[in-house]
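Each chain is listed here by its residues.
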Amino acid sequence: MSEIVIDAKDLTKQYKKQKAVDSATFQIRKGMICGLVGPNGAGKTTIMKMLGGLVLPTSGTYSIFGGKTEDELAKARSRMSFIIETPYAKTEMSARENLKKLCIQKGIPDPKRVDEVLEMVGLQDAGKKSVAKFSLGMRQRLGIAGALLSKPEIMVLDEPVNGLDPEGIIEIRNMLKRFNEEQNVTILISSHILPELSQLCTDYIFIRNGKIREMSSAEELHKLCGEYFHIHTDNDSLALVTLQNKLGIEKCDVLKDGSLRLFERLDDIPLISKTLYESGLVPVELHVHEADLESYYMKLVGDDNAEHNQSDAETVKA
């Protein structure tokens, strides 16, 4: 089990009568790319501001690298970088000048680090160009370059692809993947664009109206959103054994109500049905389920009146 680097318990932030974040409990493990997913106003930025020490929680606790006290958290944040809202840069200065100034502010003595991070984000040829002439995508990359100066172990990024064109989104995505894979940087990234995060994240936290609706790994989410054959008979335990022994089925989950989700041999549904019948099983429900990421997202956070059915989502490996 990988190390827990961020651990939040019942984290709450209340402004007058409005709870921006309501009893949020979650963990971020080392090496994750965790997507904090929800519509605008869901509480994503507030969570990140609390982790960054910009906003104090009303109640609840959190630790970073195990540190909980004010001094311990300050030390832990020195191992992190944050891009919350629009990255700041002096537009009359070049990218290199902005980064050199940031090095002085952060007490980073290595002058070679500026050139290193410019190359990391693909701005090595734009180092002398004034930021005023940068595209939005270039400004975002400059912001990420600034965040990389201190060689962070954790990056907290608030909507880093917001407003970018498709090419810019792809550039940022590939860049973050590379940081994670090559430098083992843990990333917490917020967005309301789930299809984009689905190509980047290893784990997800879904939030709406300040409340965490669900936490899921990419693998679990793929199962929930992918195509599967839902099987419910008068004896689901026997149905599972029958499918395993007679058809060699391995990729099958057992839900809390005992029914089955079959993720393989979906082209052999007539054979699967026949095998169940011939084993004396009475089907109660047999159907192919086709879902997609957008539909699942809307089910979780897109409708104030739509509560997710946790009992259906929680599975036990067969």
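Residues numbered from 1 in each chain as written. Predicted model: local features only at pLDDT ≥ 70, side-chain atom pairs only at ≥ 80, totals over all residues. Heavy atoms only, no water.

**Remarks on the nonpolar core**
Nonpolar side chains tend toward joint burial in soluble globular proteins. Condition: Working definition of a nonpolar core: buried Ala, Val, Leu, Ile, Met, Phe, Trp, Tyr and Cys residues. They are joined through side-chain atoms within 4.5 Å. Residue burial is assigned from relative accessible area. The probe radius is 1.4 Å, only protein chains are included, and a residue is buried under 20% of its type maximum, exposed over 50%, and partly exposed in between. Strands here are runs of E lasting at least two residues and helices are runs of H or I lasting at least four, both read from the DSSP assignment and numbered beginning at the N terminus.
In this structure, Ile144, Met155, Phe179, Ile189 and Phe206 are the most contacted members of the largest nonpolar core, which totals 48 residues. Considering each element in turn, this core owes the most residues, 6 residues, to helix α5 (residues 136-148). Formed by 29 residues, the second largest nonpolar core is a distinct cluster that contains Ile47, Val55, Leu73 and Met80.

**Thoughts on empty space enclosed by the protein**
Put simply, the test is: Only protein atoms enter the calculation, which uses a 1 Å grid: trapped sets of points that fit a 1.4 Å probe without letting it out are cavities, open sets showing protein on both sides within 12 Å along at least five of seven lines are pockets, and any residue with an atom within 4 Å of a point is a lining residue. Grid points are joined across faces, edges and corners, and a volume is the space filled by probe spheres set on the points.
Evaluation of the coordinates by the stated rule reveals 1 cavity of 30 Å³ or more. Each pocket or cavity is described by its volume, and for the largest cavity that value is around 50 Å³. If you go around the largest cavity, the residues you meet are Pro160, Val161, Ile169, Ile172, Arg173, Leu176, Ile189, Ser190, Ser191, Glu196, Leu197 and Leu200. Counting residues per element, the ones that place at least two in the lining of the largest cavity are α6 (166-183), β7 (186-191) and α7 (194-197). Sort the elements by how many residues they give to the lining of the largest cavity and α6 lands first, with 4 residues.

**A word on the pairing of strand β8 (residues 203-208)**
Rules: At least two DSSP bridges between two strands are required for those strands to pair.
Within β8, 6 of the 6 residues are buried, which leaves the element mostly enclosed by the surrounding structure. Side-chain alternation along β8 places Asp203, Ile205 and Ile207 on one buried face and Tyr204, Phe206 and Arg208 on a second face that is also buried. In the sheet, strand β3 (residues 33-37) pairs with β8 via 4 bridges, with the strands oriented parallel. Looking at the pairing, Val37 lines up with Phe206 of β8. Bridge analysis of β8 against strand β9 (residues 211-217) gives 6 bridges, and the strand direction is antiparallel. When the sheet's bridge partners are listed, Tyr204 is paired in β9 with Ser216.

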